[in-house]
Amino acid sequence: MKFSQRAQSLKGSATMAATINAQERIKNGEDIILASVGEPDSPVPQITKQALINQIENSDSKYGPAQGLLSTRKVVSQWMNDLYQQQWQPENVVISPGSKYSLYSLLQILGDENTELLIPSPYWVSYVTLGKLANINIKIIECSSNENYKLSATKLKNLITGKNQLLLLNSPQNPTGAIYSKEELQSLAEVIKQSPQLTVICDDIYNQLIFSSEYRAPHVLDFMESSSASKEDIYNQVIVVHGASKSFALTGWRLGWTAASREISKKLSEFQSQTLTCMPDFLQIALEKTLQQETQFVLELKSLINRRYQIASQKLNSCPFIKVFPSAGAFYIWFEVLDKSKNSAQMASELLEQHGVAVVPGASFGCEYHLRFSVTIPDDQLLKGIERIIQYFTQKNL
Ligand SMILES: Cc1ncc(COP(=O)(O)O)c(C=O)c1O
């Protein structure tokens, strides 16, 4: 088969591949610790399940608005305003089948061959592919561990060309768990305000899952106010992508959304009307009930992940052959392997084949000699997984 050039350069998601392979092997009875997957192991909230069942029983689910149900957009905009102290209206919100699809659609409507997509590295596995699918020129910005994997305002300023540019900002970041501080965001906001051709897409999927007691991670929108810019001007330049996958353990339900200017939201809806038609109403109603009634879930998940992260990372830190990055949020332990004789893919493969631990190689996130271990597994599995990793590096270095 002769595939399109676009398809030829397309590779499936590395995290999904690592996970599906390990899951198959677990089903076949192999003793494997599944530390590659980025999804909470908590059950779906009962409120969500019940809302879905009720809606299916009471509705025939016909075509609906491409932008999402008005009632759902009302709830989402309210929930977002409470979280961010912003003033989004239902017209600013577009409901999608997951934040990955929101990112895909945004890049399709905002970028082309005349656009540059700035991606700070390490980056989430899908960003580069999503950019390529939109034919956008990709510029990877290396952000080292000395910079705590974060893009500084000075670095951003030097990259501004005055032509169309998009910046993907992810805080807490997957895979490192790095979070931008208020000061760092304030400085970034100054550069963004002075760069009208730059649009920032904030991937906020982990923004409540942080290890501090704050309600959410600091955000660049906290610093975008100016005397000359209206809210719509700001929402035209800073777009937020969020979803229910991580905060509410609804990964398989495919529920995401964007909060952007009305103009962007309208174009996004047009794009969705041609590619998606609409989101199923029963899923949207279930989302409404979840956001309205399920207030404890995120807090409990946050403290569970925090506890697991602290126990596991402390234990892993005792291994002299690796360096653990002190994450501030998300689900992952991100560590560097000090011996550079094998690359991350080789190490991940050996860990799986010889020690039964599925992790994701750093190369998939644009950062060699690192591995990502997910703490979204029960305590006994977590500790077993960490022990196996320590054993692997100890044997390897003896
Ligand atoms: C940084 C980041 N963004 C987006 C997503 C996609 O999430 P969703 O399930 O909402 O598509 C993930 C999932 O792993 C992620 O880690």
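Please read these numbers as outputs of a predicted model, since none were measured by experiment. (Residues numbered from 1 in each chain as written. Predicted model: local features only at pLDDT ≥ 70, side-chain atom pairs only at ≥ 80, totals over all residues. Heavy atoms only, no water.)

S.K.: Looking at this structure, how should I read the domain arrangement of the protein?
M.R.: Buried accessible area, meaning the area lost when the parts come together, often serves as the stated size of an interface. Taken as a whole, the protein is organised into domain 1 (5-44 + 297-397) and domain 2 (46-293). If you average the C-alpha positions of domain 1 and of domain 2, the two centres end up 26 Å apart. Listed per partner, the contact involves 36 residues of domain 1 and 40 residues of domain 2. Viewed at the interface, domain 2 and domain 1 are joined by zero salt bridges. The tally of links from domain 1 across to domain 2 stands at 17 residue pairs in polar contact (both at pLDDT 80 or more). Those elements giving two or more residues to the side of domain 1 that touches domain 2 turn out to be helix H2 (14-27), helix H12 (297-317), strand S10 (332-337) and strand S13 (370-374). Counting residues per element, the side of domain 1 that touches domain 2 draws most heavily on H12, at nine residues. (Domains from an automatic or database assignment. Contact = heavy atoms within 4.5 Å. Salt bridge = Lys/Arg side-chain N within 4 Å of Asp/Glu carboxyl O. Polar contact = N/O pair within 3.5 Å; in protein donor to acceptor, adjacent residues only side chain to side chain. Helix = DSSP H or I, 4+ residues; strand = E, 2+ residues; numbered from the N terminus.)

S.K.: How should the site of the ligand be read in this particular structure?
M.R.: In the vicinity of the ligand there are 13 residues, among which Asn-174, Asp-203, Ser-245, Lys-246 and Arg-254 approach most closely. Lys-100 is positioned with one of its backbone polar atoms (N or O) 2.9 Å from an oxygen atom of the ligand. A distance of 2.7 Å separates an oxygen atom of the ligand from a polar atom in the side chain of Asn-174. Here the ligand has 390 Å² of accessible area as a free molecule, and 92% of this is covered by the chains. Grouping the amino acids of the shell around the ligand by side-chain chemistry returns four nonpolar, five polar and four charged. (Near = heavy atom within 4 Å. Areas by Shrake-Rupley, 256 points an atom, 1.4 Å probe, with all protein chains shown as cover. Nonpolar A, V, L, I, M, F, W, Y, C, P; charged D, E, K, R; others polar.)

S.K.: Even after reading the chapter, I still don't get the sheet that holds strand S12 (residues 360-361), so can you show me in this structure?
M.R.: Note on sheets: strands pair through backbone hydrogen bonds, and any given pair is parallel or antiparallel. Spatial strand order, S9-S10-S13-S12: four strands in an open sheet with antiparallel pairing. Unpaired on one side and paired on the other, strand S9 (322-324) and S12 mark the two borders of the sheet. Across the face of the sheet, H12 comes into contact with S9 and S10 while running at roughly 10 degrees to S10. Relative to the sheet, helix H13 (residues 344-355) contacts S10, S12 and S13, its axis offset from that of S13 by approximately 40 degrees. (Pairing = 2+ DSSP bridges. Axes fitted to C-alpha atoms, helices over the stretch in contact; angles between N-to-C directions.)

S.K.: Just to check I follow, could you spell out the nonpolar core for this structure?
M.R.: A general feature of soluble globular proteins is that nonpolar side chains tend to end up buried together. Grouped together as the largest cluster of nonpolar side chains are 88 residues, with contacts concentrated most on Trp-257, Ile-333, Phe-335, Phe-373 and Phe-393. There are two domains that each give this core at least three residues, and those are domain 1 (5-44 + 297-397) and domain 2 (46-293). Sequence-distant contacts of Phe-373, that is, excluding residues within four places in its chain, are made with Ala-35, Phe-331, Tyr-332, Ile-333, Phe-335, Val-357, Val-359, Leu-382, Gly-385, Ile-386 and Ile-389. (Core = buried A, V, L, I, M, F, W, Y, C linked by side-chain atoms within 4.5 Å. Buried < 20%, exposed > 50% of the residue type's maximum accessible area, 1.4 Å probe, protein only.)

S.K.: How do you make sense of the pattern of salt bridges when you look at a structure like this?
M.R.: According to the stated counting rule, one finds 18 salt bridges in the structure shown. Residue Glu-225 pairs with Lys-231 through a salt bridge whose shortest N-O separation is 2.5 Å. Overall, Glu-225 belongs to the partly exposed group, its relative accessible area being 42%. One salt bridge in this structure joins Asp-379 and Arg-308, with 3.4 Å as the shortest N-O distance. In this pair, Asp-379 sits in helix H14 (residues 379-397) while Arg-308 sits in helix H12, placing the two residues 71 residues apart along the sequence. It is possible to trace a salt-bridge network through shared partners that takes in Asp-41, Arg-307, Arg-308 and Asp-379.

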